[in-house]
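Spelled out, the chains give:
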Amino acid sequence: ERSDYVIIGGGTAGLTIAARLSEDPNVTVTVIEAGEDRTSDVEVLAPNLLTSLYSNPKYDWNYRTIPQVNANNHVLAHPRGKQLGGSSAINFLWWTHASQQDINNWGLLGNPNWSWNALQPFYRRSESYVQPSRKTVEDLDTGYIDPALHGQDGPVLNTFADIYLPFDEAWPRTYRALGLPPSSDPRDGLALGGYTNLINMDPKTRSRSYAATTYMRGAENRPNFKVITGAHVQRITFVDSGKRPRATGALYSTNGTTHQVKARKEVILSAGAFGSPQLLELSGIGNPDILKKYGIEILVANKNVGENLQDHAYVPIGYEVKEPGLFTLDDFANETLFNEEYEKYITNHTGLLATTSAMSGLLSLAQIQQNTTDDPLDLSKSIESICPDTKKTHTQTHLRPPHPSSQHDLLCASIDTEAIVQEFAFPSGINPQLSNDSSKLFLASTPGNFFSMQGVLEHPFSRGSVHIQSSDASEYPRIDPNYLSHPLDIKVLEAIALHLQAVAQTKPLSKLLVDGGRKYQPGYYALNASNVEGWVRDNLQSEYHPCGTAAMLPKEKGGVVDEKFRVYGVDGLRVVDASVFPLIPRANLQTLVYAVAERAVEFLREG
Ligand SMILES: Cc1cc2nc3c(=O)[nH]c(=O)nc-3n(C[C@H](O)[C@H](O)[C@H](O)COP(=O)(O)OP(=O)(O)OC[C@H]3O[C@@H](n4cnc5c(N)ncnc54)[C@H](O)[C@@H]3O)c2cc1C
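This structure is a prediction, so every number in the text was calculated from the model and none was measured. (Residues numbered from 1 in each chain as written. Predicted model: local features only at pLDDT ≥ 70, side-chain atom pairs only at ≥ 80, totals over all residues. Heavy atoms only, no water.)

*Asks:* Please clarify how the site of the ligand should be interpreted in this entry.
*Replies:* Inspection of the region around the ligand gives 39 residues, with T12, E33, S87, W94 and Q590 positioned closest. Within the backbone of A578, a nitrogen or oxygen atom sits 3.0 Å from an oxygen atom of the ligand. The backbone of L589 places a nitrogen or oxygen atom 3.3 Å from an oxygen atom of the ligand. Relative to its free-state accessible area of 1000 Å², the ligand is covered by the protein chains to the extent of 99%. (Near = heavy atom within 4 Å. Polar contact = N/O pair within 3.5 Å; in protein donor to acceptor, adjacent residues only side chain to side chain. Areas by Shrake-Rupley, 256 points an atom, 1.4 Å probe, with all protein chains shown as cover.)

Below, the structure written as structure tokens:
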């Protein structure tokens, strides 16, 4: 089999690139995807069935971290989409955006022509904003949206859910009451505050709008577009003619048989933040010590492969919900009710499966410290010791762009101005002690109705790694996010947890909770300055945003790919997916993955 481009991984980035490249009828594209096509599967399409996908091998790779030494040795499950559309097929559907500073930082780290402004057209290319009804705007208080900022004719549809619960209506009003409404539309890369997120849902069918139902749907009937599913790539193939190795294609297995696919022009690796570094190492690109250990011939020595792993970690708090009649997702345990809702969805795309909550907020450190139920934790000493001269660094990075700043400097420089936390909520319990089992994590451990709030550390200082632990592609890599290995990450999460309590005790949200937000879900308890560190360490979770493991950076600063995603040391190979993010942005990752993939298409067309 031979085509111009071979794309490894038919996920969020992979399908975006394949669909765009195949717009040119003279270009042939083959996508190799380990999972299957689930585009007509109701479990993928119905928004509120999303947690049923986790741990199920039909949809999810179901990775696990190694025990996290700074989080009481807990193991965290890491769902990753294993199907066409990849993780866009199993995510929470939140359509959020990075900040201007997040993307400008990528440029400041030494990537020429990377800035918020340069990325704008590519963001817009992927998205179509669908205006909700006036009633939805009023109920969910979404008047902050500025339609002019949003893409209008991209494939992925985003809008607000038009079926919602009292919690969804209370959420933005609670942030208003705290003096924390969104300062503008967060799509501008600046706004902070608490609000309702957009979700990537097709409003006509109330179904998930994701890479496979959008980009792929538009391309799949083209004769120059080919997708091979159930095909697990084992390694990338190269010719090594003496000068520089050149990628020629990939070896993949289907049902135990090995096949080869060849690329006339380029191979694009889009296997995700765990899969891409794994395949680079299996193909001889990586740290020589690791490659030698597993008997892999060294093609390019680069110790940066699989390093720089970043993720969004969060701390949860759960509350009892005031009865009677307040529906929460916990009620789906009642089979009769679930079956009724399922029937409604199947017959006319309505009911409680035809929606999902998107209560969210992005807040600065000063904002979360201005209202907590306890004495606010004083973080100034911790910040001073870690970022000794924040203001000076800030000025320097802006005086000499692209200043070869370190990630550390940039994080320090924006610690006072950027979102330190994303706060979000689920109308259901979560059981944080089951972080290693994503099929049970999002269920309460006892019967009842609960409301859980999560506070996510947006710009962590901790860095982890992902590396092979076998030369066999079917063996999962060793995943060590190294959560909480940096002392400031723990301190900030403590402050975040205390702020969540204040939110729960604020009207109108508090009116929906027992004792005005003072009665916890069993297993949770009131947090204060003395017990909060223990709580953070024992209950840490992941928002499932791994990235950075094949970073776009100068090689001497930790890079695996250059600013056009070309892998250092070889020709004809790029990595394009969340692995290339050099620094994790605020909020959720998918819009940035789509934007990065759209930009990659421009680079590929340039040749
Ligand atoms: C549970 C969950 C919830 C999330 N919620 C949100 C959210 O609400 N909003 C948001 O913006 N972001 C969210 N994210 C993050 C976002 O969805 C991902 O960051 C993004 O989709 C990653 O895109 P990608 O292209 O890097 O990887 P993926 O989309 O995961 O694509 C990788 C593809 O490569 C395939 N693959 C891997 N290895 C091989 C191999 N060896 N051979 C063949 N194929 C292979 C995989 O099967 C997959 O299809 C969530 C993620 C998860 C997991």
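On we go.
*Asks:* Explain unusual backbone geometry to me, please; I cannot follow it from the model alone.
*Replies:* A negative phi angle is the norm for most residues apart from glycine, just as the trans form is the norm for most peptide bonds. Looking along the chain, the bond that leaves K507 and enters P508 is cis, with omega of 0°. The phi torsion at N255 lies on the positive side, around 45°, for a residue other than glycine. Relative to the assigned elements, N255 resides in the loop between β14 (246–254) and β15 (257–269). One non-glycine residue, D515, adopts positive backbone phi at about 55°. Relative to the helices and strands, D515 resides in the loop between α15 (487–504) and α16 (532–539). (Helix = DSSP H or I, 4+ residues; strand = E, 2+ residues; numbered from the N terminus.)

*Asks:* Just checking my understanding: could you explain the packing of helix α1 (residues 12–21) against helix α7 (residues 212–219) for this structure?
*Replies:* Close contact between α1 and α7 brings their axes to 9 Å; oriented N to C, the two are set at 25°. Relative to α7, α1 is oriented roughly parallel. For the crossing formed where α1 meets α7, the hand is left-handed. Of α7, the residues touching α1 (which contributes L15, T16, A19 and R20) are A212, Y215, M216 and A219. (Axes fitted to C-alpha atoms, helices over the stretch in contact; angles between N-to-C directions. Parallel < 35°, antiparallel > 145°, perpendicular 65-115°, else oblique. Left-handed = near helix turned anticlockwise from the far one by under 90°. Contact = heavy atoms within 4.5 Å.)

*Asks:* Would you take a moment to explain the pairing of β14 for this structure?
*Replies:* For a regular strand, side chains alternate in direction, first toward one face of the sheet and then toward the other. β14 sits mainly inside the fold: eight of its nine residues count as buried. Here strand β13 (residues 232–239) pairs with β14 via seven bridges, running antiparallel. For T237, the partnering residue across the bridge sits in β14 and is G249. For β14 and β15, the ladder comprises six bridges, and the chain directions are antiparallel. (Buried < 20%, exposed > 50% of the residue type's maximum accessible area, 1.4 Å probe, protein only. Pairing = 2+ DSSP bridges.)

*Asks:* Honestly, helix α4 (residues 116–126) in this entry has me stumped. Any pointers?
*Replies:* An α-helix turns once per 3.6 residues; consequently, residues spaced three or four apart project the same way. Residues of α4 that are buried: W116, L119, Q120, F122, Y123 and S126. Where α4 is buried, its residues touch β5 (94–95), α3 (100–108), β6 (127–129), β7 (156–158), α7 and α17 (590–606).

*Asks:* Could you clarify how one ought to interpret helix α6 (residues 166–177) in this entry?
*Replies:* Here α6 is 12 residues long and its end C-alpha atoms lie 16 Å apart, about the 16 Å a rise of 1.5 Å per residue gives. Taken residue by residue, α6 has F167, D168, A170, W171, P172, T174 and Y175 as its buried positions. Elements that come into contact with the buried residues of α6 comprise β8 (193–196), β19 (359–363), β20 (421–426), β21 (450–457) and α15. Directly after α6, the chain includes G179, whose backbone phi takes a positive value near 80°. (Expected span 1.5 Å × (residues − 1).)

*Asks:* In this structure, what is going on with the nonpolar core? I would like to understand it.
*Replies:* A general trend in soluble globular proteins is that nonpolar side chains are found buried together. Counting 190 residues, the largest nonpolar core has I17, F167, F451, M453, L573 and F581 as the members making the most contacts within it. No other element matches the 11 residues that α15 contributes to this core. With sequence-adjacent residues up to four places away left out, L573 is seen in contact with I236, F238, A247, E266, V267, L269, L280, I285, F565, R566 and V567. In this structure, A34, W61, Y63 and I479 belong to the second largest nonpolar core, which totals seven residues. (Core = buried A, V, L, I, M, F, W, Y, C linked by side-chain atoms within 4.5 Å.)

*Asks:* Before we go on, may I ask you to explain the sheet that holds β8 in this structure?
*Replies:* Adjacent strands of a sheet pair through backbone hydrogen bonds, lying either parallel or antiparallel. The antiparallel open sheet is built from six strands, whose spatial order is β8-β19-β20-β21-β18-β24. Every other strand in the sheet has two partners, leaving β8 and β24 (541–542) as the edge strands with one partner each. Strand direction decides the pairing type here: strand β18 (residues 313–320) and β21, joined by seven bridges, are antiparallel. The residue bridging G318 from the neighbouring strand is S452, located in β21. The sheet strands contacting α16 are β18 and β24, and the helix crosses β18 at an angle near 105°.

*Asks:* Teacher, can you tell me more about the state of the cysteines here?
*Replies:* Two cysteines, two sulfur atoms, one covalent bond between them: this is a disulfide. All chains considered together, the criterion is met by one disulfide. Two residues, C387 and C412, share a disulfide whose sulfurs are 2.0 Å apart. Classification of the bridge connecting C387 and C412 rests on its S-S torsion, roughly -75°, and on that basis the disulfide is left-handed. You can see C387 sitting in the loop between α12 (380–386) and α13 (390–399) and its partner C412 sitting in helix α14 (residues 407–413), a full 25 residues away along the chain. Among the residues examined, C387 registers a relative accessible area of 3% and is labelled buried. Looking at C412, the relative accessible area reads 3%, which means it is buried. This cysteine, C547, is not joined by any disulfide, and C412 carries the nearest cysteine sulfur, 19 Å off. In this structure C547 comes out as buried when scored by relative accessible area, which is 0%. (Disulfide = S-S within 2.5 Å.)

*Asks:* Even after reading the chapter, I still don't get the pattern of salt bridges, so can you show me in this structure?
*Replies:* All told, the structure shown has 21 salt bridges when counted by the stated rule. Note that E127 is salt-bridged to R187, the shortest N-O span being 3.1 Å. Taken together, the residues span a long stretch of sequence, with E127 in strand β6 and R187 in the loop between α6 and β8 at a distance of 60 residues. Each member of the pair, E127 as well as R187, carries the same accessibility label: buried. One salt bridge connects E341 with K344, and the closest N-O pair in it is separated by 2.9 Å. Residue E341 and its partner K344 are located together in helix α10 (residues 335–348), separated by three residues, close to a single helical turn. A residue is classified by how much of its surface remains accessible, and E341, at 5% relative accessible area, is buried. With a relative accessible area of 35%, K344 lands in the partly exposed category. Residues participating in the shared-partner salt-bridge network are R20, E23, E598 and R605. (Salt bridge = Lys/Arg side-chain N within 4 Å of Asp/Glu carboxyl O.)

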